[in-house]
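Commentary on secondary and tertiary structure
Spelled out from the first residue to the last, the chains are:
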Amino acid sequence: MKKKSPTLTVQLLVALAMIVALCFVLEKFSIFLIPRLWKVSPAFIGYTLMGSVAGPILSGLISAVYDVVSFFFVNQGHPFIIWFTLIEALQGILYGYFFYGKELRFERKRDWLWVTLATVAVMGVGTFTLTPLALHLQYGVPFVGLYATRAWSVFEIPLRVVATMLIVPQLQQIPELRKLMGLSNK
């Protein structure tokens, strides 16, 4: 049985700090493909790495803290809504569940299926379920409008799967990172 929570060490804390910094940087490369409707961001790569290294509990906690901290650094005049922080925490837990202790190989079909399942679960919970619910409760936006604008995000799923399968298996070849990811050394 694989371990689902890493031991908190200085090396793990440093790695997580670097991953959080990477998330800040990747957020800067977000683009709106459809203005104010469909934003594509490579930040999921940072969250995937965070889940791979931190496991579900720690990844959820760090995702929540990251959301609060990034709100104060990048706030663009929007009010702080606790629901979004809780959604980020839940997504962090999912990333940790799906990726911590899981070795991915580009050539294995079941790993492609696993990453697809993980991507659909994370986006299904965050993008397609809880975020529209939070926006509806907070602002009273009709669900029809919320889902009409989110329908475009379905096209993001294959992009995320391919990017994850191109990046994560390569990073898992690094011995120190393998150790942090809960994988045995080759």
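First, a word on what this report is: a plain description of the structure on this page. (Residues numbered from 1 in each chain as written. Predicted model: local features only at pLDDT ≥ 70, side-chain atom pairs only at ≥ 80, totals over all residues. Heavy atoms only, no water.)

**Some words on the overall build of the chain**
What the chain contains, in helices and strands, is seven helices and two strands. The secondary structure elements of the chain, listed N-terminal to C-terminal, are α-β-β-α-α-α-α-α-α. A compact globule built from 186 residues should have a C-alpha radius of gyration of about 16 Å, and the chain, at 16 Å, falls within 12% of that. Based on the C-alpha atoms only, the size of the chain along its principal axes is roughly 50 × 35 × 30 Å. The burial tally for the chain puts 45% of its 186 residues in the buried class. For the chain, long-range pairs separated by at least 24 residues make up 67% of all intrachain contacts whose partners lie at least 6 apart in sequence. When the accessible surface of the chain is split by element, carbon and sulfur atoms take 73% of a total near 10,300 Å². (Helix = DSSP H or I, 4+ residues; strand = E, 2+ residues; numbered from the N terminus. Rg over C-alpha atoms; globule rule 2.2 N^0.38 Å. Buried < 20%, exposed > 50% of the residue type's maximum accessible area, 1.4 Å probe, protein only. Contact = heavy atoms within 4.5 Å. Areas by Shrake-Rupley, 256 points an atom, 1.4 Å probe, with all protein chains shown as cover.)

**Considering helix α2 (residues 43-74)**
With 32 residues, α2 should cover 46 Å at 1.5 Å per step; its first-to-last C-alpha distance of 14 Å lies more than 12% under that length. The largest bend in α2 amounts to roughly 125° and is located at G55, with the proline P56 lying one to four residues further along. Of all 32 residues that make up α2, 24 are buried, and the element is covered over most of its length. (Expected span 1.5 Å × (residues − 1). Bend = angle between axes of the 7 residues up to and from the residue.)

**Considerations on empty space enclosed by the protein**
Using the criterion set out here, one finds two cavities of 30 Å³ or more in the structure. Forming the boundary of the largest cavity are F44, T48, Y95, F99, T119, R160 and T164. Elements with a minimum of two residues in the lining of the largest cavity: α2, α3 (82-99) and α6 (156-171). In terms of residue class, the lining of the largest cavity is built from three nonpolar, three polar and one charged. For the second largest cavity, the calculated volume is near 30 Å³. (1 Å grid on protein atoms, 1.4 Å probe; cavity = no way out; pocket = protein on both sides within 12 Å on 5 of 7 lines; lining within 4 Å. Points joined across faces, edges and corners; volume = space filled by probe spheres on them. Nonpolar A, V, L, I, M, F, W, Y, C, P; charged D, E, K, R; others polar.)

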